[in-house]
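Each chain is listed here by its residues.
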Amino acid sequence: MRPLIDILEDERTLTHKQEALIRYLLRDDDPELVDILEAKLSVVKRDLVKTKNELREYMVELLDIQN
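Below: a short report on this structure. Please read all numbers here as calculations on a predicted model, not as lab measurements.

This paragraph deals with a negative patch on the surface. Together, Asp28, Asp29, Asp30, Glu32, Asp35 and Glu38 make up a region of like negative charge exposed at the surface. Positionally, aspartate 28 belongs in the loop between α1 (4-27) and α2 (31-66).

This is how it looks when you write it as structure tokens:
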């Protein structure tokens, strides 16, 4: 399993990417650009879910070790 700091860094990075993509989506109305941004946003959301699941697994393992 990866170190906790790496998991948290990935989550922070992906959250910043998600926020930036949403800001761009709110600013622009070009249909072609919106399609591209929505595709990128779905990829970032998927990666963010994976990272959060990895964080959950880390926490469960940490709590199991303590018991």
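Another point: the nonpolar core. Core analysis: the largest hydrophobic core is formed by six residues, namely Leu14, Leu21, Leu37, Leu41, Val44 and Leu48. Breaking this core down by element, the ones donating at least two residues are α1 and α2. When residues of this core are assigned to their parent elements, the largest contribution, four residues, is made by α2. Those residues in contact with leucine 37 that lie beyond four places of it in its chain are Leu21, Tyr24 and Leu25.

This part takes up the environment of proline 3. Mapped onto the elements of the fold, proline 3 is located in the segment before α1. The class of proline 3 is partly exposed, set by a relative accessible area of 45%. Counting along the chain gives 52 residues from proline 3 to leucine 55, while the straight-line C-alpha distance between them is 10 Å.

Proximity of charged atoms lets side chains of opposite charge pair with each other. For the structure on display, the rule yields four salt bridges. Two residues, glutamate 54 and arginine 2, come together in a salt bridge whose shortest N-O distance is 2.9 Å. Of this pair, glutamate 54 sits in helix α2 while arginine 2 sits in the segment before α1, placing them 52 residues apart in sequence. Across the pair glutamate 9 and arginine 12 runs a salt bridge, and its minimum N-O distance is 3.9 Å. Here arginine 12 and glutamate 9 lie together in helix α1, a separation of three residues that amounts to about one turn.

So, about the environment of leucine 14. By secondary structure assignment, the location of leucine 14 is in helix α1. When its relative accessible area of 11% is taken as the criterion, leucine 14 is described as buried. Spatially, the C-alpha atom of leucine 14 lies 12 Å from that of serine 42, the residues being 28 residues apart in sequence. Those residues in contact with leucine 14, other than ones at most four positions away along the chain, are Val44, Asp47, Leu48 and Thr51.

What counts, and at which threshold
- Counting from 1, residues in each chain are numbered in the order their sequence is written.
- Side-chain atom pairs in this predicted model are given and counted only at pLDDT of 80 or more, local residue features only at pLDDT of at least 70, and totals for whole chains, interfaces and linings cover all residues.
- Side-chain metrics rest on all non-hydrogen atoms present in the structure, leaving aside hydrogens and water.
- A patch consists of residues whose relative accessible area exceeds 30% and which take part in no salt bridge; residues with like charges are grouped when within 9 Å of each other, and nonpolar side chains (Val, Leu, Ile, Met, Phe, Trp, Tyr) when within 5 Å.
- The Shrake-Rupley method, run with a 1.4 Å probe, gives the accessible areas here. Residue values count only the displayed protein chains as cover.
- In what follows, salt bridge is the name for a side-chain nitrogen of Lys or Arg lying within 4 Å of a carboxyl oxygen of Asp or Glu.
- Asp and Glu are treated as the negative residues and Lys and Arg as the positive ones, with His and the ends of the chain left uncounted.
- Working definition for charges: the position is that of NZ of Lys, CZ of Arg, CG of Asp or CD of Glu.
- Helix and strand assignments come from DSSP, with helices taken as H or I runs of at least 4 residues and strands as E runs of at least 2, each series counted from the N terminus.
- Residue types Ala, Val, Leu, Ile, Met, Phe, Trp, Tyr and Cys, when buried and joined through side-chain atoms within 4.5 Å, form a set referred to as a nonpolar core.
- Buried residues are those whose accessible area, probed at 1.4 Å on protein chains only, stays under 20% of the maximum for their type, while exposed residues exceed 50% and partly exposed ones sit between those limits.
- The contact criterion used throughout is that any non-hydrogen atoms of two residues lie within 4.5 Å.

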